[in-house]
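# Summary of structural features
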Amino acid sequence: MSAGTTELVGRESELTELAAFLDTAAADGAVLLLTGDPGVGKTALLDATAGLAAARGTRVVRGSGVEYETDISFAGLHQLVGSLPDELDRLPRSARDALEVALGLRAGPAPSRIAVLNAALSLFDEAAKERPLLLVVDDLHVVDRASRAAVFFAARRLGGRRIGLLGAQRAEPGESSRPTGLPELEVLPLGDTDALRLLSRRFAHLPRRVLSTVAHEAQGNPLALLEFAGSTEHSGDRRGREAGRASSPGRDVRALYGARVGRLPRETREVLLLAALEGSGDIGVLEAAGGPGVLEALAPAERDHLVMVTENGRAVRFRHPLVRSAVVDGSTGEQRRGAHRRLADALADQPERRGDHLARATTAPDEAVAAVVESAARSSLRRGDADGAIARLRRAAELSPDRADRRRRLSQAAYAAAWVAGHLEVSHEIMREVEGDPAARSLSAATAAGFLVLVTEGDADTAHALLTEAVGRERAVSGPPPGELETALFTLTLASQCSGRPEHWRPLVDVLARFREATPASAASLGRVHHAPGSVTEDMLRRLDEEIARLREQSDADVVIRTALIASYLDRLPGCREAVSRVIRDGGAVGSSMPALMFVALDDLYAGRWQASAGAARELIGLCEETGYHLFAQVGHYVAAMAAAQRGDLDECREHCEAVWGWSGPRGLRRLENCAHQAAARAALGAADFETAFRHATAICAPGVLPEFNPEAVWSAPDLVEAAVRSGRHEEARRHADALRDAGVGHLSSRFALSTATVTAITSDAEDMVACFEEALAPPGAEQWPFELGRARLAYGEALRRRGLNRAARVQLAAARDSFEKLGARSWEARAAAELRATGMTRTGRGKAGQALTPQELEVARLAATGLSNPQIASRLFLSPRTVSSHLYRVFPKLGITSRAELRDALRTRPAES
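Treat the numbers as computed from the prediction; the structure is a model and nothing was measured.

## Regarding the overall build of the protein chain
Secondary structure summary: the protein chain contains 47 helices and seven strands in total. If you take every contact in the protein chain between residues at least 6 apart in sequence, the share linking residues at least 24 apart comes to 68%. Accessible area of the protein chain: about 36,500 Å², with a carbon and sulfur share of 50%.

This is the structure we're talking about:
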């Protein structure tokens with residue numbers, strides 16, 4: 001440090017490292033966190049470094065955690081942004097809007113968390129354009145979670161930016177002190193020699209024996225050294241008889257600060273209390289709350305080195321966090337409540353901060369205040385602050401005079417904790433409080449309880465019973481249901497959807513019929529899609545497309561997830577991709593991240609990005625296992641099973657299917673069981689095991705029937721038709737193709753149109769076959785479904801080959817083979833290659849034809865050629881059915897065949913190994 005900087009005794013190595021940090025920060029960006037006990041000198045080092053940076057021409061912006069604002073999201077970031085008003089005005093409109101809405105400076109559509117973080121980084125970039133910028137944040141351990149996320153987000157992206165971030169936090173256990181992965185410098189207590197040297201410089205007139213006693217009591221803590229010695233001097237006790245102080249130097253220093261604050265004039269203490277409770281130190285807010293003369297009132301505290309007013313006179317900062325604590329501790333409850341009331345009046349244009357101060361100013365139930373706090377909670381939820389919304393709803397409940405309002409607000413907090421924030425423990429804790437109320441269960445309570453029991457235990461029966469009873473008590477409304485009722489209906493629909501059982505769906509149909517003016521993302525719309533997807537009108541599709549287009553500006557996670565859920569059934573997930581990805585990236589919305597991950601995994605699955613799909617599924621399963629959302633994990637297993645089935649990985653597919661069956665079967669979740677059967681049927685088709693494929697496909701629905709409330713019946717219809725045709729069940733195949741065509745789903749998307757036309761072509765008469773297949777390949781946009789398009793070409797080529805049209809067959813089969821190879825669909829590629837060889841196209845450069853069979857493969861092939869099923873072969877050879885399927889998957893391409901029917905002839909013409 002330069003000679004002009006105040007010398008800190010015993011901190012030579014720390015000062016040297018901090019000077020080097022400033023050099024790096026000014027040139028290429030850097031971050032450093034100081035850690036240590038309270039009073040050990042972190043703030044002094046921050047001050048010294050800030051002074052040196054300013055002397056070097058670096059712009060310094062400071063902020064600090066406030067323990068009274070830890071539940072107010074972005075309170076810490078508000079301090080940093082408030083110091084850069086000109087730079088904020090120069091930001092692009094989208095970035096400025098994101099920050100102003102997130103900080104509650106104005107109303108507007110809620111920005112995503114990632115948009116706020118990027119906007120904050122852009123603001124710091126703007127501030128560092130003309131000269132380097134140093135961000136100094138004290139007391140990081142009590143900075144609110146959202147601001148910590150913003151600070152650490154920026155910290156990891158400072159390379160090449162001429163921005164330094166210097167923070168300080170206590171070294172103590174707790175969530176705020178978890179490893180950050182950022183560079184740290186531990187500040188240790190002074191050694192005995194340095195402690196005496198510090199005391200001798202500041203208190204040379206005190207006897208050596210007194211200084212030694214103080215040094216022993218302070219345990220090397222610099223703040224305690226100075227304050228203890230100062231109090232000894234002030235009390236006139238020069239004999240060192242102050243032994244036996246409190247056990248913690250930090251607590252003793254706090255008491256000494258309290259004594260100094262207590263000696264200040266009354267008007268000074270009042271302004272200090274306002275500053276301590278307001279948090280940002282904004283002089284404008286303090287003047288609005290305390291009247292003119294704030295700066296004059298602060299002068300005595302400034303002279304006593306308790307606070308510092310910035311050079312521009314726009315903000316006041318406490319010299320040490322313990323001063324702030326001493327100010328609050330030294331006030332009475334009535335004084336604190338009065339200060340909060342004045343701050344609430346001063347912040348009338350900031351509803352969330354106003355609500356927080358009003359809540360703290362109120363001790364008795366007050367519906368007017370409770371309504372203001374509830375409104376602030378809704379504002380928090382709209383801008384993506386789930387944690388802040390939950391805290392405000394709980395406080396609003398405490399302030400509710402009416403028990404029904406109290407239960408309603410608590411239940412809404414529990415639902416937000418489970419659905420948006422992903423805090424199951426918090427949700428259960430709140431619901432225990434609600435359920436302890438002897439009054440009847442409210443609609444909100446039933447919704448929260450039903451959602452919890454559904455997503456954690458998979459108990460659709462209990463969820464359905466709770467919600468059916470609660471919804472049944474509500475009056476019918478002429479238009480769309482109000483928010484609380486809509487949330488209950490959505491949760492009831494979700495329970496019925498997961499169950500898939502008629503006894504759950506049928507009563508729901510009558511309930512949903514009462515709400516006809518439904519938005520595309522409403523429970524009534526979801527119910528209609530499940531009940532009969534073919535009944536979805538062009539008008540509803542148009543409105544859904546418009547709703548999806550608006551998701552670009554939508555960051556309410558609930559709206560995004562509900563819209564994507566409807567879109568997933570109607571092949572419109574690509575349009576939701578950006579919005580659901582924002583939900584996943586949005587730090588804090590863990591509950592919404594799980595369904596968002598589902599939709600990303602499904603979108604990748606349908607688009608043929610199977611590696612990415614399997615990765616998202618694995619992430620979803622891991623997150624669900626970690627947090628206890630076991631229902632959502634089953635969707636992860638389903639997506640992973642489908643990706644494995646289409647890749648041809650039979651073992652992995654079976655593993656995930658068995659996980660779904662094992663969890664869902666005992667709980668009666670038929671819909672989830674059907675999902676696993678769909679994946680198992682798809683895997684068996686790829687391996688040309690058509691009997692097994694038919695068994696799994698008909699476990700979903702009988703041939704010729706597409707039951708209501710069974711979306712898997714529609715999605716797996718091509719599997720059932722193909723399995724029936726290839727296993728000789730032509731009548732069943734035709735009936736099922738007719739059922740899919742009669743369902744009228746072809747208008748929903750190009751994928752539904754492709755699937756409907758393909759099953760029609762597969763089951764058509766010989767004279768119509770070519771025209772039907774050409775029609776199947778014609779729908780605009782079919783190329784966005786590469787796997788379905790490959791299957792259609794494979795079926796077309798197979799049909800052409802069986803009619804002796806080999807040259808035309810090769811065109812379709814080669815296209816199918818190339819498509820499957822690009823996708824990584826190994827078993828399907830092998831089927832296409834074998835069909836190509838059967839047309840006489842021997843030099844394909846593909847497949848494994850001609851390779852020798854292993855002894856076990858040969859034995860499995862011989863038994864399969866006799867007509868034995870996989871389980872029968874497994875029993876004969878003491879193998880698992882899974883191993884038998886794997887052997888056959890490898891045998892078919894080696895023999896150049898595509899089905900069991902061809903095994904006998906292939907083995908007869910095989911060389912000596914057979």
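And the narrative resumes.
## Considering the confidence of the model for the protein chain
Atom-level detail of predicted coordinates should not be read off regions where pLDDT is low. Mean pLDDT over the protein chain works out to 84, with 88% of the residues at or above the 70 mark. Here residues 234-247 scores under 50 on pLDDT; set against residues more than four positions off or in separate chains, the count is 25 contacts. For the stretch residues 843-847, pLDDT sits under 50, and the model shows eight contacts to residues farther than four places along the chain or on other chains.

## Thoughts on the pattern of salt bridges
Taken as a whole and judged by the stated rule, the model has 59 salt bridges. For R341, the salt bridge goes to E334, with nearest N and O atoms at 2.9 Å. Here E334 falls in the partly exposed class, since its relative accessible area comes to 45%. The salt bridge partner of R572 is D545, with a shortest N-O separation of 2.7 Å. On the criterion of sequence distance, the pair formed by R572 in the loop between α28 (557-569) and α29 (577-585) and D545 in helix α27 (residues 538-550) is long-range, its members being 27 residues apart. In this structure, a network of salt bridges that share partners links the residues R682, D719, E722, R726, R791, E798 and R831.

## Structural notes on the layout of surface pockets
Here the largest pocket defines a volume of roughly 1,500 Å³. If you trace the largest pocket, you find 48 residues lining it, with V60, R62, S83, T310 and A315 closest to the centre. Every element with two or more residues in the lining of the largest pocket is listed here: α2 (42-55), β2 (59-64), α3 (75-82), α4 (85-90), β3 (133-138), β6 (307-309), β7 (316-318) and α15 (321-329). When residues of the lining of the largest pocket are assigned to their parent elements, the largest contribution, six residues, is made by β2.

## Some points on the packing of helix α22 (residues 443-457) against helix α23 (residues 460-472)
Across the interface, α22 lies against α23 with an axial gap of 8 Å and an inter-helix angle of 170 degrees. Overall, the two elements α22 and α23 adopt an arrangement that is roughly antiparallel. Handedness of the α22/α23 crossing: left-handed. Touching L443, A446, T447, A449, G450, V453 and L454 of α22 are A460, T462, A463, L466, L467, A470 and V471, all from α23. By residue class, the composition of the contact of α22 with α23 is 11 nonpolar, three polar and no charged.

## Description of the packing of aromatic side chains
Evaluated as defined, the whole model comprises nine aromatic pairs. A centroid spacing of 5.6 Å and a plane angle of 70 degrees characterise the contact between W610 and F787, whose relative ring orientation is edge-to-face. A residue pair is termed long-range when its members are at least 10 positions apart, and W610 in helix α31 (residues 610-627) and F787 in helix α41 (residues 786-802) qualify at 177 residues. In terms of burial, W610 and F787 fall into one category: buried. Seen in terms of ring centroids, F787 and F820 are 5.9 Å apart; in terms of plane orientation they differ by 55 degrees. Their pairing is tilted. Linking F787 in helix α41 with F820 in helix α42 (residues 806-823), this pair joins segments that are 33 residues apart in sequence. Classification of F820 by relative accessible area gives buried; the value is 0%. Pairwise contacts between aromatic rings join W610, F787, F820 and W828 into one cluster. Above the plane of the ring of F752 lies R751, whose end atom (NZ or CZ) is 6.0 Å from the centre.

## Things to note about the environment of L135
Here L135 is to be found in strand β3. Owing to a relative accessible area of 4%, L135 belongs among the buried residues under this scheme. Residues contacting L135, with those up to four places away along its chain left out, are V61, F124, I163, G164, L165 and L166.

## A closer look at the nonpolar core
Counting residues in hydrophobic clusters, the biggest one holds 187 residues, and the most contacted among them are L570, L631, F632, F820 and L903. Residue contributions to this core peak at 12 residues, all from helix α32 (residues 630-647).

## A short note on the sheet that holds β3
If you trace the five strands from one edge of the open sheet to the other, you get β2-β3-β4-β1-β5, paired in parallel fashion. Strand pairing shows two members of the sheet lacking a second neighbour, β2 and β5 (184-186), which therefore form its edges. Adjacent strand axes in the sheet meet at a mean angle of 20 degrees when their direction is disregarded. Summarising the sheet, strand β1 (residues 30-36) and β5 pair through three bridges and their orientation is parallel. What sits directly across from T35, in β5, is E186.

## Things to note about the pairing of β1
Of all seven residues in β1, seven are buried, a share of seventy percent or more. Burial of the side chains of β1 extends over both faces: A30, L32, L34 and G36 are buried on one face and V31, L33 and T35 on the other. Pairing geometry for β1 and strand β4 (residues 163-170), over seven bridges, is parallel. Within the sheet, the bridge partner assigned to G36 lies in β4 and is R170.

## Here we look at α41
Residues spaced three or four apart along an α-helix point in a common direction, a consequence of the helix completing one turn every 3.6 residues. Compared with the 24 Å implied by 1.5 Å per residue over 17 residues, the 24 Å span of α41 between its first and last C-alpha is a close match. Following α41 by one or two positions, G804 adopts a phi angle in the positive range, close to 80 degrees.

## Points about unusual backbone geometry
If a residue is not glycine, its phi is most likely negative; likewise, a peptide bond is most likely trans. For R162, which is not a glycine, the phi torsion comes out positive at approximately 60 degrees. Residue position: R162 is located in the loop between α7 (145-155) and β4. Note on R162: relative accessible area 28%, which makes it partly exposed. With a phi angle near 60 degrees, A688 is a residue other than glycine that sits in the positive phi range.

## Some words on the packing of helix α13 (residues 283-290) against helix α14 (residues 294-303)
The geometry of a pair of packed helices is captured by two quantities: the angle between their axes and the separation between those axes. Two elements in contact, α13 and α14, have axes separated by 10 Å at closest approach and are oriented at 105 degrees. Taken together, the axis directions place α13 and α14 in an arrangement best described as roughly perpendicular. Along its contact with α13, which presents I283, L286 and E287, the element α14 presents V294, L295 and L298. Of the residues contributing to the contact of α13 with α14, the split by class is five nonpolar, no polar and one charged.

## What about the side chain of T487?
One can find T487 in helix α24 (residues 483-499). Each residue touching T487, except ones within four places of it in the same chain, is listed here: Y415, T447 and R562.

## A look at the pairing of β4
Of all eight residues in β4, seven are buried, a share of seventy percent or more. With five bridges joining them, β3 and β4 adopt parallel strand pairing. Bridge pairing in β4 places V137 opposite G167. Handedness of the crossover joining β3 and β4 through α7: right-handed.

Reading the values: rules and limits
Residues numbered from 1 in each chain as written. Predicted model: local features only at pLDDT ≥ 70, side-chain atom pairs only at ≥ 80, totals over all residues. Heavy atoms only, no water. Helix = DSSP H or I, 4+ residues; strand = E, 2+ residues; numbered from the N terminus. Contact = heavy atoms within 4.5 Å. Areas by Shrake-Rupley, 256 points an atom, 1.4 Å probe, with all protein chains shown as cover. pLDDT = per-residue confidence, 0-100. Salt bridge = Lys/Arg side-chain N within 4 Å of Asp/Glu carboxyl O. Buried < 20%, exposed > 50% of the residue type's maximum accessible area, 1.4 Å probe, protein only. 1 Å grid on protein atoms, 1.4 Å probe; cavity = no way out; pocket = protein on both sides within 12 Å on 5 of 7 lines; lining within 4 Å. Points joined across faces, edges and corners; volume = space filled by probe spheres on them. Axes fitted to C-alpha atoms, helices over the stretch in contact; angles between N-to-C directions. Parallel < 35°, antiparallel > 145°, perpendicular 65-115°, else oblique. Left-handed = near helix turned anticlockwise from the far one by under 90°. Nonpolar A, V, L, I, M, F, W, Y, C, P; charged D, E, K, R; others polar. Phe/Tyr/Trp six-rings, centres within 6.5 Å; stacked < 30°, edge-to-face > 60°. Lys NZ or Arg CZ within 6 Å of the ring centre and 35° of its normal. Core = buried A, V, L, I, M, F, W, Y, C linked by side-chain atoms within 4.5 Å. Pairing = 2+ DSSP bridges. Expected span 1.5 Å × (residues − 1). Right-handed = clockwise from strand over helix to strand, strands pointing away.

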